[in-house]
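Structural overview for review
One letter stands for each residue in the lines below.
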Amino acid sequence: MTAPTLDPGSQRIDLWLWYARFFKTRSLAARMVEDGFIRLNGRRVDKSSRQVRPGDALTISLRSQVLVVRISSIGIRRGPPPEARQLYVPLDPAAPSGRIAAAPPGVIKPADAE
């Protein structure tokens, strides 16, 4: 199931986070966005319907861990982990492989996703 987008080169932020395997469910991704744990290009995002596009920078803040990634492409499905890793480029050299070390329940490490 995919959500319609306003621009074919953009996608809802909750859907993109789920496709990139940062969260186990799309509803959890939406909740994390609405609770202020996600920043888009340095600005706090409070609506899960916010559109993202390639080139945007996302900052994902969870507990004591912060992950910064640049969106390299828009997802078309929630595929296997190697496919999900192609959707972004980690920008933080302190976080090798774009992994989140200690995450709340339901949050998964992109490289270790099921």
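Below: a short report on this structure. (Residues numbered from 1 in each chain as written. Predicted model: local features only at pLDDT ≥ 70, side-chain atom pairs only at ≥ 80, totals over all residues. Heavy atoms only, no water.)

**Here we look at the pattern of salt bridges**
- Applying the stated criterion across every chain, the model contains 3 salt bridges.
- One salt bridge connects aspartate 14 with arginine 12, and the closest N-O pair in it is separated by 3.0 Å.
- A salt bridge links glutamate 83 to arginine 77; its shortest N-O distance comes to 2.7 Å.
- A relative accessible area of 27% means that glutamate 83 is categorised as partly exposed. (Salt bridge = Lys/Arg side-chain N within 4 Å of Asp/Glu carboxyl O. Buried < 20%, exposed > 50% of the residue type's maximum accessible area, 1.4 Å probe, protein only.)

**A few points about the sheet that holds strand β2 (residues 38-40)**
- Taken in spatial order, the 5 strands make up an open sheet running β3-β2-β5-β6-β7, and their pairing is antiparallel. With one partner strand each, in any of the chains shown, β3 (43-44) and β7 (88-90) form the two edges of the open sheet.
- Here strand β6 (residues 65-71) runs beside β7; their pairing, made up of 3 bridges, is antiparallel. From the neighbouring strand, arginine 70 faces β7, where its bridge partner is valine 89. (Pairing = 2+ DSSP bridges. Helix = DSSP H or I, 4+ residues; strand = E, 2+ residues; numbered from the N terminus.)

**A closer look at unusual backbone geometry**
- One non-glycine residue, arginine 21, lies in the positive phi region at around 65°.
- For arginine 21, the position within the fold is in the loop between α1 (13-19) and α2 (26-34).
- Overall, arginine 21 belongs to the buried group, its relative accessible area being 7%.
- Unusually for a residue other than glycine, asparagine 41 sits at a positive phi of about 55°.
- Mapped onto the secondary structure, asparagine 41 falls in the loop between β2 and β3.

**Let's talk about the environment of serine 48**
- Structurally, the position occupied by serine 48 is in the loop between β3 and β4 (51-52).
- It is 8.4 Å that separates the C-alpha atoms of serine 48 and leucine 15, two residues lying 33 residues apart in sequence.
- For serine 48, the residues in contact, after removing those within four places along its chain, are Arg12, Ile13, Asp14, Ala30, Val33 and Glu34.
- In this structure the side chain of serine 48 is engaged in a polar contact, spanning 3.3 Å, whose partner is the side chain of arginine 12. (Contact = heavy atoms within 4.5 Å. Polar contact = N/O pair within 3.5 Å; in protein donor to acceptor, adjacent residues only side chain to side chain.)

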